[in-house]
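# Secondary and tertiary structure notes
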Amino acid sequence: MAETILVVDDDLQTVKLISLLLQRKGYRILPATSGAQALAKAETEQPDLIILDVMMPDMDGLEVCRRLRANPRTSAIPILMFTAKTAVGDKIAGFQAGADDYLTKPVHPAELISRVEALLQRAARLKAEATARAHAATIGFLGVKGGVGTSTVALNAAVTLALGGGHLPPTVRTPPPDFRFPQVLLADLAPHGGLAHLLRLSQALGLPSVLAYPPQELDPPTIGKHLTPHVSGLRMLLTPYTPRPVMLSAAHIRVIARHLAALGDYVIFEMGHALDDGARALLGELRYLVLVMEPTSLCLLHARELIQVLLQVGWVPQQLGLVVVNRAASGIALTRRQIEEALSLEPIGFISPAPELAHQAVDQGVPMVMMQPEGLVAEQFRELARRLVALAR
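Read on for a plain summary of the structure. Everything quoted here is computed from the prediction, not taken from an experiment.

## Things to note about helix α2 (residues 35–45)
What α2 keeps buried is the set G35, A38, L39 and A42. Here the buried residues of α2 occupy an arc of 100° about the axis, which is enough to place them on one side. Elements that come into contact with the buried residues of α2 comprise β1 (4–8), β2 (28–32), β3 (49–52) and α3 (61–70).

## Considering the pairing of β3
Across a regular strand the side chains alternate sides, sitting on one face of the sheet and then on the other. Side chains L49 and I51 of β3 all project onto a buried face; the interleaved residues I50 and L52 project onto the opposite face, where all are buried too. Relative to β3, β1 is paired through 4 bridges, and the arrangement is parallel. From the neighbouring strand, V8 faces β3, where its bridge partner is L52. In the sheet, β3 pairs with strand β4 (residues 79–83) via 3 bridges, with the strands oriented parallel. What sits directly across from L52, in β4, is M81. As for the winding sense of the linkage, the β-α-β connection from β3 through α3 to β4 is right-handed.

## Brief notes about the packing of aromatic side chains
This structure, assessed with the given rule, holds 2 aromatic pairs. Ring centres 6.4 Å apart and planes at 45° place the aromatic pair F95 and Y102 in the tilted group. For Y102, a relative accessible area of 6% corresponds to the buried category. Between the aromatic rings of F179 and F181, the centroid separation amounts to 4.9 Å while the plane-to-plane angle is 85°, which identifies the pairing as edge-to-face. Judged by its relative accessible area of 38%, F181 is partly exposed.

## What to know about the sheet that holds strand β10 (residues 266–270)
Strand order in the open sheet made by the 8 strands is β8-β9-β7-β10-β6-β11-β12-β13, with mixed pairing throughout. The open sheet is flanked by β8 (228–229) and β13 (347–351), the only strands paired with a single partner. Sheet topology places strand β11 (residues 288–293) next to strand β12 (residues 320–325); 5 bridges connect them, and they run parallel. If you follow M293 over to β12, its bridge partner there is V324. Along the sheet face, helix α6 (residues 150–162) touches β6 (137–143), β7 (184–188), β10, β11 and β12 and points at about 170° away from the line of β10. Here helix α16 (residues 376–391) sits on the sheet and contacts β6, β10, β11, β12 and β13; the angle it forms with β13, its principal contact strand, is near 165°.

## Overview of unusual backbone geometry
Glycine aside, negative phi is the norm for most residues, and most peptide bonds take the trans geometry. In this structure, P106 follows K105 across a cis peptide bond, with omega equal to -10°. Among the secondary structure elements, P106 is positioned in the loop between β5 (101–104) and α5 (109–132). Phi angles above zero are rare outside glycine, and Q46 is one such case at about 50°. Residue position: Q46 is located in the loop between α2 and β3. One non-glycine residue, S344, adopts positive backbone phi at about 55°. If you trace the backbone, S344 turns up in the loop between α13 (336–343) and β13. Residue S344 is classed as exposed on the basis of its relative accessible area of 63%.

What counts as what
Residues numbered from 1 in each chain as written. Predicted model: local features only at pLDDT ≥ 70, side-chain atom pairs only at ≥ 80, totals over all residues. Heavy atoms only, no water. Buried < 20%, exposed > 50% of the residue type's maximum accessible area, 1.4 Å probe, protein only. Helix = DSSP H or I, 4+ residues; strand = E, 2+ residues; numbered from the N terminus. Arc of directions from axis to C-beta. Contact = heavy atoms within 4.5 Å. Pairing = 2+ DSSP bridges. Right-handed = clockwise from strand over helix to strand, strands pointing away. Phe/Tyr/Trp six-rings, centres within 6.5 Å; stacked < 30°, edge-to-face > 60°. Axes fitted to C-alpha atoms, helices over the stretch in contact; angles between N-to-C directions.

Functional significance is not addressed by these values, which are geometric in nature.
This is how it looks when you write it as structure tokens:
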């Protein structure tokens, strides 16, 4: 069966010329002359490739690209940006939005065909890899705002999963001799490297080394060499703790996420709190997304707005969960019922106030669930891990 290519350009003549060229090579063509039309056809028709113009009046190609990457149904479709803009900054913007390749007008027909063929071959290879790793559960942790404890929750949830807490019954603390511990990976894709700070690590942080490779040269073994092991059995892809944000392209994020999924049973992503281009690109690679919040009116407002954005780009409530971190006991904190009713989303975890334990954990670089494995917080993370195992299946 011929591969299907969606050609998007507000200039009908350009659409006709590209379509004719590709049809002669045996491809099936879907035309679109607006961003909205492109998004609708991409979701319903599921093309094998999208050729996307940047300069369109109703919705430019960069925004179309971001929305395609954020929608799980269209996130894996390769995108070839095709535009008259030639500046380096324009190309960078295209790659940041999630484009796989970039061509400037005018282009020689032979170059267009070669780029199309290369992208389709690469997509077929990635699809084969995705089939092989279909069992991996990819889970993102995204704060509804800054300072709610997203890094702490992601780290302790990942450690709990690595220790088997998500697969053991509530009354069992010691795994039986034949217990198979899950292979769990934790990737810090937030801009400032908060996980390295929590673990007091300053060396063997692999993300900068991984980013030195072009996305197309990465593969699971290469990424695996740059993972930092943890005593819990967890393997981590970390970046140094820095006030200067580490910028990851959408292309790097998508490739890293896919290759990590080939290396373990669970991959936990710390996403920070900004739904930027990188986070939107990662959304398309996730099976489940956990929103982290505090039980305050301000966080509730941020959570409501964030959920609406996620629903607009194709997520469904069954793929979303809430973890509520109560940093200090307070009579003004919202209740579980108030949060659930306001957001129409069930919290899957509540973490009780434990300021002394949190301080000791950061001071010693030890996750809270390992500082006090029999404490209330550790049990709350075990319950969260059990929910994640059930939801991510």
